[in-house]
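# Close look at the chain arrangement
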Amino acid sequence: MPIEKAVFNAVGPVAKMLWTKFFAQPQGAGLATKTPKLDSRLPFTKPKTSLDGADLDRLTTKLASRLDEMRKAEFPDLAEGDVAVAIERVGRALERVAPLDATKLFELDLRPERLAKLVMQVPRNAERRADMGSGGRFFDRILDLVCVHIVEFFTTRPEFERRAAVEQIRRSGTPASSSGPTSARAADYIAFERQYADSVVRRMNKVSFYGLRSGGYPDEMSRDHPLDSTYVPLRAAPTTPGGRAESALSAGASPLEEVLGDNRRLIITGSAGTGKTTAMQWLALSAVGHVDNSLSARLRGVMPFFLPIRTFTEAKAFPDPESFLLPIAPHSAGAMPHGWVHDCLRSGRAAVLVDGIDEIPKPRRQAAVKWVASLVEEFENARFVVTSRPAALESAWSSLPGFAGYELTPASPDDVQAMLRSWSQVADLDPWAREATDELTELAGSRPHLARLLGNPALCALAWRFAAHGSGSSVPADVMSLCDASVNLFVSRRDMARGLWATEDVWLNVREHRYLLASIAWWMTRNGLESAPVAAVIDQIAQELPRVYPQAGSSGPDQREAAERVLRFLLVRSGLVGRVADDRIGFSNDTIRDYLSAVGALGRGDASMLANDAPNGRWEQTTVMATALEPSLVDLLLSRAQDGGADRPDLLRLLGAALEMGGRAPAGAFEQTVARLVPPADTSEAGVLAACGPAVLPLLAALPDLSEAQSAAVIRTAALIGGPAALDLIRRHRSDDRPSVVAELVRGWPRFDPETYAREVLAEAALAAQSLRVDSEVLLPHLRFLTQLTRLRCTGDLDLGKLDRPSALDTVEIRDNSVLTSDDLRPHLDGLTTLILENCPALTDLSVLDGARLLRLCVRDCAVDLRTIPPGCTAELELELQASGSLADLPAALPLVRLAWPSTSAQVRDLGLVARYPSLRDLTTSGWPTLAEFAVLAALPDLQALEINGAVIDDFAPLAALTNLRRLRVSYYVAPSDPSPIGRLAHLGRLCLENRGIGPASFDEAAIGTKAKVTLR
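Cut-offs used in this document
Residues numbered from 1 in each chain as written. Predicted model: local features only at pLDDT ≥ 70, side-chain atom pairs only at ≥ 80, totals over all residues. Heavy atoms only, no water. Helix = DSSP H or I, 4+ residues; strand = E, 2+ residues; numbered from the N terminus. Buried < 20%, exposed > 50% of the residue type's maximum accessible area, 1.4 Å probe, protein only. Contact = heavy atoms within 4.5 Å. Areas by Shrake-Rupley, 256 points an atom, 1.4 Å probe, with all protein chains shown as cover. Pairing = 2+ DSSP bridges. Disulfide = S-S within 2.5 Å. Axes fitted to C-alpha atoms, helices over the stretch in contact; angles between N-to-C directions. Parallel < 35°, antiparallel > 145°, perpendicular 65-115°, else oblique. Nonpolar A, V, L, I, M, F, W, Y, C, P; charged D, E, K, R; others polar. Salt bridge = Lys/Arg side-chain N within 4 Å of Asp/Glu carboxyl O. Polar contact = N/O pair within 3.5 Å; in protein donor to acceptor, adjacent residues only side chain to side chain. Phe/Tyr/Trp six-rings, centres within 6.5 Å; stacked < 30°, edge-to-face > 60°. Lys NZ or Arg CZ within 6 Å of the ring centre and 35° of its normal. pLDDT = per-residue confidence, 0-100. Left-handed = near helix turned anticlockwise from the far one by under 90°.

Identification of the protein chain as NACHT domain-containing protein from Asanoa ishikariensis is taken from an unreviewed UniProt entry.

Here it is as structure tokens:
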């Protein structure tokens, strides 16, 4: 046998097997045959679990190419241009409902007709279908066909059978069939998901208040209250990882629910106590449907897995998926169906919430980030949210591509007051305590220093609890004083005020009381414990007892019995520790625990231990507070920072935080060391500098001759630090007109009082050459102070009645406003030269523009009756014509310079109407024009840009008559092989030819023969 035949016989079966494995189309439900393959043809790549806009457009194009015989039989009179229009319109219609995934298809009961109905419920799709004439019926046939193949595609997915069984039980409570492994497994899934959701609610829907004056509860009781009754929504502003540029001049922060819903991969940063963990709790409750909000609707069916990273110590590996339940439902893991977590992750029904990467030692953080990155790579359809302090993730961005970054902003005075009111209401305070907390609530809106402190939710809760036992006006306005006063209150004055003395069988004075609490706190901190078993706490008290309570003895049963009595005393009397479970003890407030831990560390002589561990960040908050309390620790950290090395920024950050809390350093020593970090090279270094605290500000203020990047970094650093001194520093840069500097000036706006910042900083900012985007109504009343602002873009459903226009404003752009009407425009027209309206579906009448003297009016994607646009209202009109309108309705006297024509056959035949507008410079249309229509276009003296979409081209020659064209873009389904007529356009500067995939033509640039810049797709 010839060698080549032997090789063929040997290899042939293997090749056939490989072809079948990697390239054969999987079997589906049989709704359609020969569904085009959309998965990658490369071996070892994962099958698609969703279809984006490009996938749907490609599917439409491939299926439409098969319909030639049907079209000729059923639509013999349909012109080629109308065919192209219908195909292009179906693709665009499907793009507007993208992405599609199994969850969406199951919501539609896997019915193609319901998918088609969903597509046509999009107003723009319905409008563009409405006047297509006979082409509309062809549009319907293509859409129906594509929808059938979409459903067929999802039935070929590997996980479809199991997911279908899950959906069946979720709806009916019983399997579709009483036998078979799939239905049995689905039943297990549903039952377990209900059990797990209950665990999520029990674990996550709680906030604890301890030691409050209340008529409704015994004083020693742990006050667990539902989070859903006390939660006040937070806001977050986008951050810029690695110093990469953002869109210019964006002001305002977005509601956190919106941020969580819009981003499948998200990093949330914020300083200690800003509400990162609470945000994770809220997301988890929303996912299981316990709270009814916009986020819960978007996360329906998603299982949250809350992973507090601090619980995975160096002795524990980061969890694998099957261990994701342990933090929320540790006792349910044994009942979990095999593979359930993996299935949730792979199908996109999982939200992995990695909380507190900053709370583990620095050497372990990068390993944690790599662990997250590996999960993202393996389970690309799942949602991931990571929380951390900003500085702890400086190096993480490059390892977590595709993650959006947002930073929690301080609570506004209104939000602070809302938090205080909700806590006071749910805690059922007694009348005296309620009066005191009401006083604090009022002061929060009138005292700037207090408002700044309370903008941190954790400190706000501490201040509120302090006020409940003192008075609102007695709340200290700095962190260390608040902590110290709170401890004194709860270990002494609270009992004295209530007339309680030695009512237990043990008595501790204030010093002894504080010492034991501090010892317990430091022991828990250095062992990485949020809470501890009762027996372990008793052991710890027994070790410390001889120092404060000699009567207990030094060992034996008497000492342990005394320790048990002391623990009961602490639980009943302090209000600082309590039972967090039947057999565990924890502190009632994290800030108080950190403070007492610092006191305990210093009391045991462990300052050197804190200093040695400082660069690792394992006990960061404790180290910061200990440094604020102990000058020798300041000296020690300063000495190490001055020695240089990679740890210097971390040490200075800790020192800066300590000095901000009231620590003291030798005169000039800290500043001299920090000076080595300035000036910052760019905004990527702002986070480290800002963490050094207000002591950095004088150094930054003294820097001369800064580059644009350095000035921008200085402003961002000051904004991150906040406070009056930071505002003074930013104010010095208000006249700097360099673009990056102006962008940072605007970026800092939400971090300060809106009116003060607008009046003192932005009033003189060089905004004349920039467009300012605002998506928050809070800022609208203060725009009047921005005297140099000329261009404003308002995004979202803003109430323009709150807009107070600056005097120089001449350009207003309003986008994505579903409630805007002509009455909203009326007060803002005087003095405008440019008005841009985009995606404002409620705006139907523009007669309000009568008498306006605009230089430019742009109307895109609005349902405006063209007959209401008054002649003479603008020098130039740009119009994206909707399918429901007709160019015949537009007054001929209007100076139309740009027209984007909808892809409807009825209006393509009216292309001759453009002859009424000799000022037309830029035209976008669909379908290849007829020779008569080309003649109309050639007669337009100013036409310089032409875009033709979805063309079926028989000859390029008519283009040669458009001698003034500078830009030409053509997307086509069919085209002739000779593109040389395009080369005759002598003034053409840019050319784009895009093959939509039906026609075989592909061109060589040399064959076109043009000097223009050419793009071939």
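From this point, things continue past the structure.
Next up on the list: the overall build of the protein chain. Along the backbone of the protein chain there are 39 helices and 27 strands. Looking at the protein chain as a whole, 53% of its 1017 residues qualify as buried. Taking as baseline every contact in the protein chain between residues at least 6 positions apart, the subset at least 24 positions apart corresponds to 59%. Here the protein chain displays about 42300 Å² of accessible surface, and carbon together with sulfur accounts for 51% of that area.

Okay, the pairing of strand S21 (residues 877–880) next. Walk down a regular strand and you will see the side chains alternate between the two sheet faces. With three bridges joining them, strand S20 (residues 856–860) and S21 adopt parallel strand pairing. Bridge pairing in S21 places Val859 opposite Leu879. Two elements, S21 and strand S22 (residues 896–900), share four bridges in a ladder whose sense is parallel. In the strand pairing of S22, Leu879 is matched with Leu899.

This part takes up the sheet that holds strand S11 (residues 383–388). A sheet is described by the order of its strands in space; here seven strands give the open sequence S7-S5-S12-S8-S11-S10-S9, paired in mixed fashion. Because the sheet does not close on itself, it has two edges, and the strands there are strand S7 (254–255) and strand S9 (303–308). As judged from the six bridges shared by S9 and strand S10 (residues 350–355), these two strands associate in the parallel manner. Note that in S10 the partner of Pro308 across the bridge is Asp355.

As used in these notes, a disulfide is a covalent bond between sulfur atoms, one from each of two cysteines. The full count for this structure, using the stated rule, is zero disulfides. For the unlinked cysteine Cys862, the closest cysteine sulfur is that of Cys840, found at 4.5 Å.

A word on the packing of helix H16 (residues 413–426) against helix H17 (residues 431–444). Running from N to C, H16 and H17 cross one another at 170°; their axes reach a closest spacing of 9 Å. By the criterion of interaxial angle, the relationship of H16 to H17 is roughly antiparallel. For the pair formed by H16 and H17, the contact residues are Pro413, Val416, Gln417, Leu420, Arg421, Ser424 and Gln425 on the first element and Arg434, Thr437, Leu440, Thr441, Glu442 and Ala444 on the second. Each residue belonging to the contact of H16 with H17 can be placed in one class, and the counts come to five nonpolar, five polar and three charged.

Attention shifts here to the pattern of salt bridges. One side chain can pair with another of opposite charge once the charged atoms of both are near each other. The full count for this structure, using the stated rule, is 35 salt bridges. A salt bridge links Arg346 to Glu378; the shortest N-O distance between them is 3.1 Å. Taken as a pair, Arg346 in helix H14 (residues 340–347) and Glu378 in helix H15 (residues 362–378) lie far apart in primary sequence, 32 residues in all. On the accessibility criterion, Arg346 (39% relative accessible area) is partly exposed. A salt bridge links Asp865 to Arg867; the nearest nitrogen and oxygen atoms lie 3.1 Å apart. Overall, Asp865 belongs to the partly exposed group, its relative accessible area being 27%. In this structure, a network of salt bridges that share partners links the residues Asp728, Arg731, Glu755, Arg759 and Glu760.

This part takes up the environment of Tyr757. Along the chain, Tyr757 falls in helix H35 (residues 754–760). Sequence spacing of Tyr757 and Ile730 is 27 residues, and the spatial spacing of their C-alpha atoms is 9.6 Å. In this structure Tyr757 touches Leu727, Ile730, Glu744, Leu745, Gly748, Trp749, Phe752 and Leu762, once residues within four positions along its chain are discounted. Here the side chain of Tyr757 touches Leu745 through a polar contact of 2.6 Å, landing on its backbone oxygen.

Mapped onto the elements of the fold, Ala126 is located in helix H7 (residues 123–130). Residue classification places Ala126 among the partly exposed residues on the basis of a relative accessible area of 32%. Considered as a pair, Ala126 and Ala93 are 33 residues apart in the sequence and their alpha carbons are 9.0 Å apart.

For the coordinates displayed, the defined rule picks out 14 aromatic pairs. Judged by centre distance (5.6 Å) and plane angle (70°), the rings of Tyr196 and Trp340 are edge-to-face. Of this pair, Tyr196 sits in helix H10 (residues 181–204) while Trp340 sits in helix H14; the two residues are 144 residues apart in sequence, bridging distant segments of the chain. For the residue pair Tyr196 and Trp340, the accessibility class agrees, reading buried in each case. Here the aromatic residues Phe192, Tyr196, Phe305, Phe324 and Trp340 are joined through ring pairs into a cluster of three or more. Sitting over the ring of Phe318, Arg364 keeps its end group 4.2 Å from the ring centre. The lysine or arginine in question, Arg759, covers the ring of Phe785, its NZ or CZ lying 5.9 Å from the ring centre.

Trp340, Val341, Asp343, Cys344 and Leu345 are the residues of H14 that are buried. Within two residues after H14, Gly348 carries a phi angle of roughly 85°, on the positive side.

Relative to the helices and strands, Glu878 resides in strand S21. Residues Glu878 and Val897, spaced 19 residues apart in sequence, show a C-alpha to C-alpha distance of 5.9 Å. Apart from the residues within four sequence positions on either side, Glu878 is in contact with Arg856, Leu857, Cys858, Val859, Arg860, Val897 and Arg898. Looking at Glu878, its side chain comes within polar contact range of the side chain of Arg856, at 2.9 Å.

Turning to the confidence of the model for the protein chain, a few remarks are in order. On average, residues of the protein chain carry a pLDDT of 77, and 81% of them reach 70 or more. Low pLDDT, under 50, characterises residues 172–182; the predicted model gives this stretch 12 contacts beyond four residues in sequence or across chains. Scored below 50 in pLDDT, residues 904–909 shows 23 contacts in the model against residues more than four places distant or in partner chains.

Time to look at the packing of helix H2 (residues 53–64) against helix H4 (residues 80–95). The geometry of H2 relative to H4 is characterised by a closest axis approach of 8 Å and an angle of 150° between their N-to-C directions. As far as their axial angle goes, H4 and H2 are roughly antiparallel. Like other packed secondary-structure pairs, H2 and H4 cross with a definite hand, here right-handed. Residues Gly53, Leu56, Asp57, Thr60 and Ala64 of H2 form the contact with H4, whose own contacting residues are Ile87, Val90, Gly91, Arg92, Leu94 and Glu95. Here the contact of H2 with H4 is composed, by residue class, of five nonpolar, three polar and three charged.

All right, on to the pairing of strand S25 (residues 967–974) then. Pairing analysis gives six bridges linking strand S24 (residues 945–952) to S25, with the strands arranged parallel. Across the sheet, residue Ile948 finds its bridge partner in S25, namely Val970. Sheet analysis places S25 next to strand S26 (residues 990–995), joined by six bridges and oriented parallel. Each bridged residue has a counterpart across the sheet, and for Arg967 the counterpart in S26 is Arg990.

What follows deals with unusual backbone geometry. Outside of glycine, negative phi angles account for most residues, and trans bonds account for most peptide bonds. Here the amide bond leading from Ala98 into Pro99 is cis, since omega sits at 0°, within 30 degrees of zero. Tracing the chain through its elements places Pro99 in the loop between H4 and strand S2 (100–101). For Asp705, which is not glycine, the phi dihedral falls at a positive 50°. We classify Asp705 as exposed; its relative accessible area is 77%. Even without a glycine there, the phi angle at Asp816 is positive, about 55°. Within the secondary structure, Asp816 sits in the loop between strand S18 (811–815) and helix H36 (822–825). Judged by relative accessible area, which is 39%, Asp816 ranks as partly exposed.

In this structure, Glu813 sits in strand S18. The class of Glu813 is buried, set by a relative accessible area of 9%. Among the polar contacts made by the side chain of Glu813, one reaches the side chain of Arg815 at a distance of 2.5 Å. Apart from residues no more than four positions distant in its own chain, Glu813 is found in contact with Leu792, Arg793, Cys794 and Ile836.

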